[in-house]
Amino acid sequence: GRPGWQPVGLVVLPGFWLFWQGLSALDTMDKVLTGWTLPHFALCAACFYAGFKLLGGRDTLRGLWAGVIVGLLGVQLYGMDQRFRGLPETRAFLLEHEATHWQNFPAQERARWERSGVLIRTPEGWRAHPTLLEKARSQRISSTLFYPNTLAGALLLFVPPAFWAIATTPVLTWAARLFMGLWVGAGALACLYWSGSRSGWLVGLCLALAAFGAWPGPRATKVAVLILLAVTGLTVFAVRHASFFQRGAPSVVARFDYWEAAWRTAWQHPWLGTGPGTFQRPYERLKRPESEMARLTHNDYLQQASDSGWPGALAYAGLIWGSLFWVGRRVWLRPTSEAFFIWLGLLGWALQRWVE
């Protein structure tokens, strides 16, 4: 944005939020976890102010998007390789050694894998950890990112401004723009589909609807396109995840368990929470017996409330949604501008934070 766009309240919120994290850390439930988390938070606040100072007065970030586009292409190519080569080879390797209880695996490597928890010793021999086998049987890709939902979040954040940069780069011919736009768009759509991220797909659909909804044009045409997009996107979602819902949507049920525990913890420790990064400690006590253990709430806003109390959560949510509202009011009527596409990517990222 330009100087003067950001209200003072939004600019000081990251500083207040970090200050409150420090107060919460003084009474943390786990000093080790908080010791890992607090420096990360400090770096996040520093990056915010560095970006505000160094980039806030610029008319365009076009040079930045060139690097983003190269990065996206690399992520997409790696994701395609993972989908068609990496995952099948890994799955075949694990299942081959599972069949022989890892007897033919080098003893030194087997001992190292056992110490790291990858292999488990049983009366019949060694077995791979069940979680590893489950991931091996899965078709979900994560490309160069940490895990599949992280890949989805990165695509939601960076693809919209990358589209703008490709479409408006003056040195490219129209044919080159069309080719690059189709490549980035098709690659992003394929990787989002292969990631298996249900929330990522739905948020991406919402962004597409928002983009076309803001686009100038005949009302009848816009309505027809919006209906077509919604029907197509929801149909693909239903077909892609039919088996997931037939199994009772286990990850959705698990998330409700995390959220309930975070909500209860936030009300039990309303001012300072249990300490930055410590959600897993109260969750050990509050989770249902049949639920798996989790380190994170899978909802950034509830995690803030659980870890640092309601003041920390309100500062965090106020910064994100206050900024989106403040900028959104100014760019909604300029749907061809760079700021609109940046805002669109940030909106997708912020929406996904409700479930990731």
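Cut-off values and rules
- Residues numbered from 1 in each chain as written.
- Predicted model: local features only at pLDDT ≥ 70, side-chain atom pairs only at ≥ 80, totals over all residues.
- Heavy atoms only, no water.
- Helix = DSSP H or I, 4+ residues; strand = E, 2+ residues; numbered from the N terminus.
- Buried < 20%, exposed > 50% of the residue type's maximum accessible area, 1.4 Å probe, protein only.
- Contact = heavy atoms within 4.5 Å.
- Expected span 1.5 Å × (residues − 1).
- Core = buried A, V, L, I, M, F, W, Y, C linked by side-chain atoms within 4.5 Å.
- Axes fitted to C-alpha atoms, helices over the stretch in contact; angles between N-to-C directions.
- Parallel < 35°, antiparallel > 145°, perpendicular 65-115°, else oblique.
- Left-handed = near helix turned anticlockwise from the far one by under 90°.
- Phe/Tyr/Trp six-rings, centres within 6.5 Å; stacked < 30°, edge-to-face > 60°.
- Lys NZ or Arg CZ within 6 Å of the ring centre and 35° of its normal.
- Patch = residues over 30% accessible without salt bridge, like charges linked within 9 Å, V, L, I, M, F, W, Y side chains within 5 Å.
- Areas by Shrake-Rupley, 256 points an atom, 1.4 Å probe, with all protein chains shown as cover.
- Salt bridge = Lys/Arg side-chain N within 4 Å of Asp/Glu carboxyl O.

**Quick notes on the overall build of the chain**
(1) Moving on: In terms of helices and strands, the chain carries 14 helices and two strands.
(2) Moving on: Across its three principal axes, the chain shows a C-alpha extent of roughly 70 × 50 × 35 Å.
(3) Moving on: Counting the 356 residues in the chain, one finds 41% classified as buried.
(4) Moving on: A sequence separation of at least 24 residues applies to 71% of the contacts in the chain between residues at least 6 apart.

**Observations regarding helix α14 (residues 338-352)**
(1) Moving on: With 15 residues, α14 should cover 21 Å at 1.5 Å per step; its first-to-last C-alpha distance of 22 Å lies within 8% of that length.
(2) Moving on: Taken as a whole, α14 has its buried residues at E338, F340, F341, W343, L344, G345, L347, G348, A350 and Q352.
(3) Moving on: The inward-facing, buried residues of α14 contact α3 (62-99), α6 (148-168), α8 (198-214) and α13 (300-331).

**Overview of the nonpolar core**
(1) Moving on: L72, L155, F340, W343 and L344 are the most contacted members of the largest nonpolar core, which has 46 residues in total.
(2) Moving on: Of all elements in the fold, only α1 (8-26), α3, α6, α7 (174-195), α8, α13 and α14 reach the threshold of two or more residues within this core.
(3) Moving on: Looking at which element gives the most residues to this core, the answer is α6, with nine residues.
(4) Moving on: Setting aside anything within four residues of it in sequence, one finds L155 in contact with L72, P160, A188, C191 and L192.

**Considering the packing of α8 against α14**
(1) Moving on: Packing of α8 against α14 leaves a shortest axis separation of 10 Å and a crossing angle of 150°. Our classification of the angle between α8 and α14 gives roughly antiparallel. The handedness of the crossing between α8 and α14 is right-handed. Contact residues: S199, G200, V203, L207, A210, A211 and A214 in α8; F340, L344, L347, G348, L351 and Q352 in α14.

**A look at the packing of aromatic side chains**
The relation between two aromatic rings is expressed through the spacing of the ring centres and the mutual angle of the planes.
(1) Moving on: One pass over the full model with this rule turns up 29 aromatic pairs.
(2) Moving on: Ring geometry for W263 and W310: centres 5.5 Å apart, planes at 75°, overall edge-to-face. Here the residue W263 occupies a position in helix α11 (residues 250-268), and W310 occupies one in helix α13, the gap between them amounting to 47 residues.
(3) Moving on: Feature note: the residues W17, F41, Y301, Y316, W321 and W354 constitute an aromatic cluster, connected by ring pairs.
(4) Moving on: Over the face of the ring belonging to W126 we find R110, whose NZ or CZ atom lies 4.0 Å from the ring centre.
(5) Moving on: Looking at R330, its charged tip hangs above the ring of W326, at a distance of 3.7 Å from the centre.

**Quick word on a nonpolar patch on the surface**
(1) Moving on: A contiguous nonpolar patch, built from L77, F179 and W183 and spanning about 340 Å² of accessible area, is present on the exposed surface.
(2) Moving on: For F179, the position within the fold is in helix α7.
(3) Moving on: Of the residues examined, F179 reaches a relative accessible area of 58% and is grouped as exposed.

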